[in-house]
Amino acid sequence: MLGLLALVVLALATGRFAVPLGDVVEILGARLVGLPARADPAMQTVILQVRLPRVLAALVVGASLAAAGATYQGLFRNPLVSPDILGVSAGASLGAVLGIFLSLPVAAIQGLAFGGGLAAVAAVYAVGAAVRGQDPVLTLVLAGVAIGAVLGSAIALLKVLADPYNQLPAITYWLLGSLASVTSGDVGAILPAIGLGLAPLVLLRWRMNLMSLGEEEARALGIETWVLRPVLIAAATLVTAASVSVTGVIGWIGLLVPHVARLLVGPDFRHLLPASLVLGAGYLLAVDLVARTIAPIEVPLGILTALIGAPFFLWLLASGRRGWA
C-alpha cells in the first residue's frame with residue numbers, strides 16, 4: 001500500500017507541467033483538512049482538477065478490472081479468461097460506437113456503453129440458460145464467444161459507415177482506451193455501480209474457493225451454484241461495464257494482474273481478491289503515467305497494456321511454479 005501511495009504522488013507530480021513533490025503533498029493535505037493551500041494557483045488547478053480525477057479513475061478502473069478478471073478465472077476454472085469473456089467489452093463497445101455514430105453527448109455515449117455491456121451479458125446468460133443438458137460453464141463461455149463475434153461485426157459495420165474525418169477517429173480512439181477525458185463527475189458516476197459490484201465479491205470471496213472446485217464438488221459441499229454463479233457473474237459484469245463505459249476498452253489488466261497476484265499470495269480467493277485490487281490499481285496507474293509522458297502525444301492505454309502485458313504474460317507462463325486453481 002505504501003508503494004501505491006508513492007505511485008499516486010508521483011503520478012500527480014509528473015507531466016508536461018511538473019509539480020514538486022512537496023507542493024503535491026501540501027495541496028492534497030490542505031484539501032483534506034479544508035484549508036487554503038499556499039502553492040501556486042496554477043499548480044492547484046493542475047493537481048486537483050486535471051490529474052487527481054485521472055489518478056482516481058486509474059485506481060478505480062484498474063482495481064475493478066483486476067477483481068473482475070480474478071472472479072471470472074476462478075468461476076470458469078480457466079486461467080485464460082478475462083472480463084470480456086462473456087461479451088461485456090464488446091457490448092459496451094457497440095453501445096459507445098453507436099453513441100459516437102449518432103453524435104450523442106458524452107453522457108449518453110457512456111450510458112449506452114454501460115447498458116450495452118450489461119445487455120450483452122444478459123443475452124449470453126439467456127442463451128446459456130436455454131441450452132439444457134450441457135456443462136453450464138462451457139455453455140456460457142461458448143455463448144459469450146458467439147455473442148461477442150456478432151457484436152464485433154456490428155462494430156465493424158458502424159466503423160465502415162462512420163464519417164472518416166470526425167466519427168471514425170473518435171471511435172478508434174475510444175476502442176483503444178484512454179483516461180484523458182475522464183472528469184471527477186465521471187468517477188463519481190461509476191462509483192456506485194462499482195461499489196455495488198465489488199460488495200458481493202468481497203462478501204462472498206470465501207465461497208469462490210468452493211466454486212473453483214467444479215460444479216459437482218461445490219454442490220456436494222452445500223453451495224447452491226445455480227444461485228451463486230449468476231450473482232458473481234452479475235457483480236463482475238457490473239464493475240467491468242461501469243469501468244469500460246468511461247475509459248473505453250483497456251485489455252490485459254483482467255487477464256494479467258490476477259496471475260501476478262496468484263504468484264504472490266496463492267490461489268485462495270480470500271487473499272487473491274485484495275491482492276488483485278491493489279495490483280490492478282497500481283498497474284493501470286503506472287501504465288497511464290507512461291502513456292502521458294513517453295511521447296509528445298498521449299498513447300492510448302490499450303496499446304501499452306498489450307505491449308507490456310503480452311511479453312510479461314509469456315514470462316509468467318514460462319517461469320510460474322504455483323498453480324492457478
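Described in the following lines is the structure provided in the data block. (Residues numbered from 1 in each chain as written. Predicted model: local features only at pLDDT ≥ 70, side-chain atom pairs only at ≥ 80, totals over all residues. Heavy atoms only, no water.)

1. Considering the overall build of the chain
Inference 1: Regarding its fold elements, the chain presents 14 helices and zero strands.
Inference 2: Put simply, the chain runs from its N terminus to its C terminus through helices and strands in the order α-α-α-α-α-α-α-α-α-α-α-α-α-α.
Inference 3: Against the 2.2 N^0.38 benchmark of 20 Å for 325 residues, the chain shows a C-alpha radius of gyration of 20 Å, consistent with a compact globule.
Inference 4: Seen along its three principal axes, the alpha-carbon backbone of the chain occupies a region of about 65 × 50 × 40 Å.
Inference 5: Long-range contacts, defined here as pairs at least 24 residues apart, represent 75% of the contacts in the chain between residues at least 6 apart.
Inference 6: In the form shown here, the chain has an accessible surface area of approximately 14,800 Å², with 71% of it arising from carbon and sulfur atoms. (Helix = DSSP H or I, 4+ residues; strand = E, 2+ residues; numbered from the N terminus. Rg over C-alpha atoms; globule rule 2.2 N^0.38 Å. Contact = heavy atoms within 4.5 Å. Areas by Shrake-Rupley, 256 points an atom, 1.4 Å probe, with all protein chains shown as cover.)

2. Some details on the side chain of S93
Inference 1: For S93, the position within the fold is in helix α4 (residues 88-101).
Inference 2: A polar contact is formed between the side chain of S93 and the backbone oxygen of S89, at a distance of 2.7 Å.
Inference 3: In this view, S93 contacts I155, W174, L175 and V249; residues no more than four positions away in its chain are not counted. (Polar contact = N/O pair within 3.5 Å; in protein donor to acceptor, adjacent residues only side chain to side chain.)

3. Let's talk about unusual backbone geometry
Among all residues save glycine, negative phi is the norm, and among peptide bonds the norm is trans.
Inference 1: Although it is not a glycine, S103 adopts a positive phi angle of roughly 60°.
Inference 2: You can see S103 is positioned in the loop between α4 and α5 (106-130).
Inference 3: On the basis of relative accessibility, which here comes to 58%, the residue S103 falls in the exposed class.
Inference 4: One non-glycine residue, W252, lies in positive phi territory at about 80°.
Inference 5: Examined against the element boundaries, W252 turns out to sit in the loop between α11 (225-247) and α12 (253-265). (Buried < 20%, exposed > 50% of the residue type's maximum accessible area, 1.4 Å probe, protein only.)

4. Let's talk about the pattern of salt bridges
Inference 1: Tallying each qualifying case throughout the model produces four salt bridges.
Inference 2: Here D268 ties to R270 by a salt bridge, and the two come within 2.6 Å at their closest N and O atoms.
Inference 3: When the shortest N-O distance is used, the salt bridge between R292 and D288 registers 3.9 Å.
Inference 4: Residue classification places D288 among the buried residues on the basis of a relative accessible area of 2%.
Inference 5: Several salt bridges converge on common partners, so that one network encompasses R54, D288, R292 and E298. (Salt bridge = Lys/Arg side-chain N within 4 Å of Asp/Glu carboxyl O.)

5. Looking at the packing of aromatic side chains
Inference 1: Here the structure, examined in full by the defined rule, presents three aromatic pairs.
Inference 2: Ring plane angle 25° and centroid distance 6.0 Å describe the contact between Y72 and F76, whose orientation is recorded as stacked.
Inference 3: You can call Y72 buried: its relative accessible area is 0%.
Inference 4: In this structure F76 comes out as buried when scored by relative accessible area, which is 5%.
Inference 5: When the ring of W252 is compared with that of F313, the centres are 6.0 Å apart and the planes differ by 65°; the resulting orientation is edge-to-face. You can see W252 sitting in the loop between α11 and α12 and its partner F313 sitting in helix α14 (residues 301-319), a full 61 residues away along the chain.
Inference 6: Given a relative accessible area of 28%, W252 falls into the partly exposed group. (Phe/Tyr/Trp six-rings, centres within 6.5 Å; stacked < 30°, edge-to-face > 60°.)

6. Some thoughts on the environment of A154
Inference 1: Within the fold, A154 resides in helix α6 (residues 136-161).
Inference 2: For A154, a relative accessible area of 26% puts it in the partly exposed group.
Inference 3: Along the chain, A154 and H259 lie 105 residues apart, while their C-alpha atoms are 32 Å from each other.

7. Regarding the nonpolar core
Inference 1: Ranked by size, the top nonpolar core spans 83 residues in total, and within it Y72, F76, L86, I253 and L285 carry the most contacts.
Inference 2: In terms of residue count, the dominant contributor to this core is helix α3 (residues 41-75) (17 residues).
Inference 3: If sequence neighbours within four positions are ignored, F76 has contacts with V81, I85, L86, V137, L140, V141 and I233.
Inference 4: Core analysis: the second largest hydrophobic core is formed by 16 residues, L94, A113, L158 and I171 among them. (Core = buried A, V, L, I, M, F, W, Y, C linked by side-chain atoms within 4.5 Å.)

8. Some thoughts on the packing of α4 against α6
Inference 1: Two elements in contact, α4 and α6, have axes whose closest approach is 9 Å; the angle formed by their N-to-C orientations is 20°. By the angle between their directions, the pair α4 and α6 is classed as roughly parallel. Between α4 and α6 the crossing geometry is left-handed. In this structure, α4 contributes A90, G91, S93, L94, V97, L98 and F101 to the contact, and α6 contributes G148, L151, A154, I155, L158 and L161. (Axes fitted to C-alpha atoms, helices over the stretch in contact; angles between N-to-C directions. Parallel < 35°, antiparallel > 145°, perpendicular 65-115°, else oblique. Left-handed = near helix turned anticlockwise from the far one by under 90°.)

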